[in-house]
Amino acid sequence: MSLGQRLARLAAHLQDPRKVAAFQRLCGVEGPSGWAGEEQRGPVANGGPAGGQAHPAGNGAVPGAAATPRRWRRRPRRNSLTEEEDGSQEFATRSRFLYYLFSLGTELGNELFYILFFPFCIWNVDAWLGRRLIIIWVWVMYLGQCTKDVIRWPRPASPPVVKLEVFYNSEYSMPSTHAMSGTAIPLALLLLSYGRWQYPFMFGLILAFCWCSLVCCSRIYMGMHSILDVIAGFLYAILILAVFHPVVDLIDNFNLTYKYSPLIIISLHLALGIFSFTLDTWSTSRGDTAQILGCGAGVACGSHLNHILGLQLDPPPHTLPLSLSSLTVTVFGKAILRLLIGVIVLLLTKVAMKKATIPLACQIFRVPHDDVRRARQRMEVELPYRYITYGMVGFSLMFVVPCLFHFIGLS
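The model shown is predicted, which means the values in this text are computed figures rather than measured ones.

What counts, and at which threshold
Residues numbered from 1 in each chain as written. Predicted model: local features only at pLDDT ≥ 70, side-chain atom pairs only at ≥ 80, totals over all residues. Heavy atoms only, no water. UniProt positions renumbered as here; feature names shortened; annotations may be inferred. Helix = DSSP H or I, 4+ residues; strand = E, 2+ residues; numbered from the N terminus. Disulfide = S-S within 2.5 Å. Buried < 20%, exposed > 50% of the residue type's maximum accessible area, 1.4 Å probe, protein only. Polar contact = N/O pair within 3.5 Å; in protein donor to acceptor, adjacent residues only side chain to side chain. Contact = heavy atoms within 4.5 Å. Patch = residues over 30% accessible without salt bridge, like charges linked within 9 Å, V, L, I, M, F, W, Y side chains within 5 Å. Areas by Shrake-Rupley, 256 points an atom, 1.4 Å probe, with all protein chains shown as cover. Salt bridge = Lys/Arg side-chain N within 4 Å of Asp/Glu carboxyl O. pLDDT = per-residue confidence, 0-100. Expected span 1.5 Å × (residues − 1). Phe/Tyr/Trp six-rings, centres within 6.5 Å; stacked < 30°, edge-to-face > 60°. Lys NZ or Arg CZ within 6 Å of the ring centre and 35° of its normal.

Enquirer: Tell me what's going on with the UniProt feature "transmembrane region" (unreviewed entry) in the protein chain, and back it up with residues and numbers.
Expert: When the UniProt feature table is mapped onto this chain, "transmembrane region" (unreviewed entry) is found at residues 201-221, 228-248, 260-279, 291-309, 329-348 and 387-408. Strand forms 0% of residues 329-348 and helix 100%; the C-alpha atoms that close the span are 29 Å apart.

In structure tokens, the structure reads:
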């Protein structure tokens, strides 16, 4: 057997949805009560006895055991664009701890995490570091989303896989962009901060490993990706990071100092968004891509305006390397207050821009807006709505909110 055949066989093995189902059962996840038959109980799927004989006490029960483990029934997690019929069946899990642990892991690749992590880093930790993380994050996520729409591999089959969430069920599967962001962000954080901040390298390495592992395993647990999707996302992120990390300083300096950088960045990101919308039919991937590009453009424009006006967010050079030893109760309290006030401003900006851009786009392009969910699935609405809304969120993150902090004495 040639090397190519061996690799193809290995890839098929890692893409097998039964491996995902086996991991889920190992973690105590069970399918809807109506599921039965070989796909749930067959010898390959769960290692049970030949002929698909079911265990009367439940999957994984020990014959003769005194009691059946308690099951905790849940419905899949969904968002506002998820169709009601997609993955609407209940599932059961025996471990609430693992469910909440892997839910936390999957949230490390969702909008809620980004709208807390990046602002906290920029406003309270190191704006220099935050800008560079966002640059890398934008390119990692954009290339990952576009690659999905080019390869067009479906999500793992259900059954045998149990879908614990359906946030992104309309997207393609290969590669896992959660795995990509969960790899790129902690590794970039380590590469960019070590030497600039004083901490043991082993601490940063362990943190990056745990972060990456939690996110990657969570996508298999949730039933959204095969093992191959996650491995490919991990390796793809490392490749992109290897390309962009050496030039991230150059990109950031260009954003700050070049006279026409806002015009170039806005045009480039808009063109990339239009290109990504032509790759396939509607899915949440298209909106997320426009959202990421808009945020990146807004951050770049806000950074440029800060530089022009002399609003210095970066720590002074003479304070380097930075240390956590100066952390006090007062400093911590101000950091939490900045995060609370700033995130409220960002959320208000998002809501206001959403309410303004969707009806305006529908009116300009003559799209019926009686059903907002259907209207948002049109490129003429989704691209400008996401791009402008999150562009303003990114601009507020870098310019409006720091100006507010300076005005009220929270700088």
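Enquirer: Kindly report on the state of the cysteines, identifying the contributing residues and their values.
Expert: Considering all chains together, one arrives at 0 disulfides under this definition. Counting only cysteine sulfurs, Cys216 is the nearest neighbor of Cys217, a cysteine outside any disulfide, at a range of 6.9 Å. Under the relative-accessibility criterion, Cys217 is labelled partly exposed at 30%.

Enquirer: With reference to specific residues and values, describe the side chain of Thr349.
Expert: With respect to the element layout, Thr349 can be found in helix α14 (residues 329-364). From its side chain, Thr349 meets the backbone oxygen of Val345 in a polar contact 2.8 Å long. Non-local contacts of Thr349, meaning those with residues more than four positions away in its chain, are made with Met392, Val393 and Ser396.

Enquirer: Hey, could you go over a nonpolar patch on the surface for me, with residue numbers and the actual values?
Expert: Together, Tyr194, Phe201, Met202, Leu205 and Ile206 make up a nonpolar patch on the protein surface, roughly 480 Å² of accessible area in all. Tyr194 gets classed as partly exposed once you look at its relative accessible area, which sits at 44%.

Enquirer: Could you give an account of the confidence of the model for the protein chain, with specific residues and numbers?
Expert: Chain-level pLDDT for the protein chain is 81 on average; 84% of the residues reach the 70-or-more range. Confidence over residues 36-67 falls short of pLDDT 50; this stretch has 40 contacts with residues more than four positions distant or in other chains.

Enquirer: Summarise helix α10 (residues 227-244); cite the residues concerned and give the values.
Expert: An ideal rise of 1.5 Å per residue puts 26 Å on 18 residues; α10 measures up with 26 Å between its terminal C-alpha atoms. Every buried residue belonging to α10 is among Leu228, Asp229, Val230, Gly233, Ala237, Ile240, Leu241 and Phe244, and all of these are buried. Along its buried surface, α10 packs onto α1 (3-15), α7 (127-151), α8 (177-193), α9 (201-221) and α11 (248-257).

Enquirer: Mind laying out the packing of aromatic side chains, listing which residues take part and the relevant values?
Expert: Within a pair of aromatic rings, the relevant descriptors are the distance that separates the centres and the angle that separates the planes. Within this structure, the stated rule accounts for 19 aromatic pairs. When the ring of Tyr114 is compared with that of Phe118, the centres are 5.8 Å apart and the planes differ by 15 degrees; the resulting orientation is stacked. Within this pair, Tyr114 and its partner Phe118 are both found in helix α6 (residues 111-125), separated by 4 residues, close to a single helical turn. Between the aromatic rings of Phe117 and Trp211, the centroid separation amounts to 5.8 Å while the plane-to-plane angle is 90 degrees, which identifies the pairing as edge-to-face. Placement of the pair is Phe117 in helix α6 and Trp211 in helix α9, with a sequence separation of 94 residues. Here Phe117 matches Trp211 in class, with each residue buried. An aromatic cluster is present here, built from Phe113, Tyr114, Phe117, Phe118, Trp137 and Trp211 joined pairwise through their rings. In this arrangement the basic side chain of Arg196 is found over the ring face of Trp128, its NZ or CZ atom lying 4.1 Å from the centre.

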